Amino acid sequence: MDDRVTSEPSPPGERFPVIVEPSGRRFEARADVPLLRSAQAAGFVLPSSCRNGTCRACLCRLLDGRVVYRIEWPGLSAEEKAEGCILPCVAHPASDLRIEAPRLVALGGAEAAR
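Below is a short write-up of the structure.

Cut-offs used in this document
Just so you know, the residues in each chain are numbered from 1, in the order the chain's sequence is written. Per-residue local features are limited, in this predicted model, to residues with pLDDT of at least 70; the limit for side-chain atom pairs, both in listing and counting, is 80 or more; totals at the level of whole chains, interfaces and linings are taken over all residues. Calculation of side-chain values draws on the structure's entire complement of heavy atoms; hydrogens and water are dropped beforehand. The pairing test for Phe, Tyr and Trp rings, Trp by its six-membered ring, is centres within 6.5 Å, and the orientation test on the planes gives stacked under 30 degrees, edge-to-face over 60, and tilted for anything in between. Secondary structure elements are defined from DSSP: runs of H or I of at least 4 residues count as helices, runs of E of at least 2 residues count as strands, and each element is numbered from the N terminus. For every residue, the accessible area obtained with a 1.4 Å probe (protein chains only) is divided by the maximum for its type, and the residue is called buried under 20%, exposed over 50%, and partly exposed between those limits. When DSSP finds two or more bridges between two strands, those strands count as paired. Contact criterion: two residues are considered in contact whenever any of their non-hydrogen atoms come within 4.5 Å of each other.

Right, let's get into the packing of aromatic side chains. Summed over all chains, the structure comprises 1 aromatic pair. Measuring from centroid to centroid gives 6.4 Å for phenylalanine 27 and phenylalanine 44, while their planes differ by 45°, and the two rings are tilted. Of this pair, phenylalanine 27 sits in strand β3 (residues 25-30) while phenylalanine 44 sits in strand β4 (residues 44-45), and the two are 17 residues apart along the sequence. The pair formed by phenylalanine 27 and phenylalanine 44 is uniform in burial state, with each residue classed as buried.

What follows is the structure in structure tokens.
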């Protein structure tokens, strides 16, 4: 198993900071909530469609940290996993994170900026 993906979920309610590159925007993510929903709660939009790990619209790269999936097989190839790709719609934080999501948008339509 890739060391960026763990099978050990963090305690419910535990919170982790997430830094989104290249914008440098930050939000807090709860361990018991997928990253996509935590970003939305903080006022940011990541592209998404299915919210169950199959459409891959939310695909982004994990630069630092660890995530846990609570589904058996997220829709990622072995090569994508090796490159650090994650699906925020089904990925839960297991540590502080830094992700690359160039299509992050602040609610209200403005591109996310520092």
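The subject of this paragraph is the pairing of strand β5 (residues 60-64). Judged from the 2 bridges that link them, β5 and strand β7 (residues 85-86) form a sheet pairing that is antiparallel. Of the residues in β7, the one forming a bridge with arginine 61 is cysteine 85.

Further remarks concern the sheet that holds strand β6 (residues 67-69). Here we have 3 strands laid out as an open sheet, ordered β1-β6-β8, and mixed in their pairing. The sheet is open, and its two edges are formed by β1 (5-6) and β8 (91-93), each paired on a single side. Where β1 and β6 come together, 2 bridges link them in parallel fashion. What sits directly across from threonine 6, in β6, is valine 68.

Moving on, we get to the environment of valine 33. Here valine 33 lies in the loop between β3 and α1 (35-41). Since its relative accessible area comes to 13%, valine 33 is described here as buried. With 56 residues separating them in the primary sequence, valine 33 and cysteine 89 have C-alpha atoms 9.3 Å apart. Contacts of valine 33, omitting those with residues within four sequence positions, involve Ser38, His92 and Pro93.

Turning our eyes to something else, we now look at the environment of leucine 104. Checked against the element boundaries, leucine 104 lands in the loop between β9 (97-100) and β10 (105-106). A residue is classified by how much of its surface remains accessible, and leucine 104, at 3% relative accessible area, is buried. Placed 46 residues apart in sequence, leucine 104 and cysteine 58 show a C-alpha to C-alpha distance of 9.8 Å.

A cis geometry characterises the amide bond from glutamate 21 onward to proline 22, with omega recorded as 5°. Tracing the backbone through its elements, the reader meets proline 22 in the loop between β2 (15-21) and β3.

A separate point is the pairing of β3. Relative to β3, β2 runs antiparallel, the two sharing 6 bridges. The residue bridging proline 17 from the neighbouring strand is glutamate 28, located in β3. Counting the residues in the hairpin turn of β2 and β3 gives 3 residues, including glycine 24, whose phi is positive at 80°.

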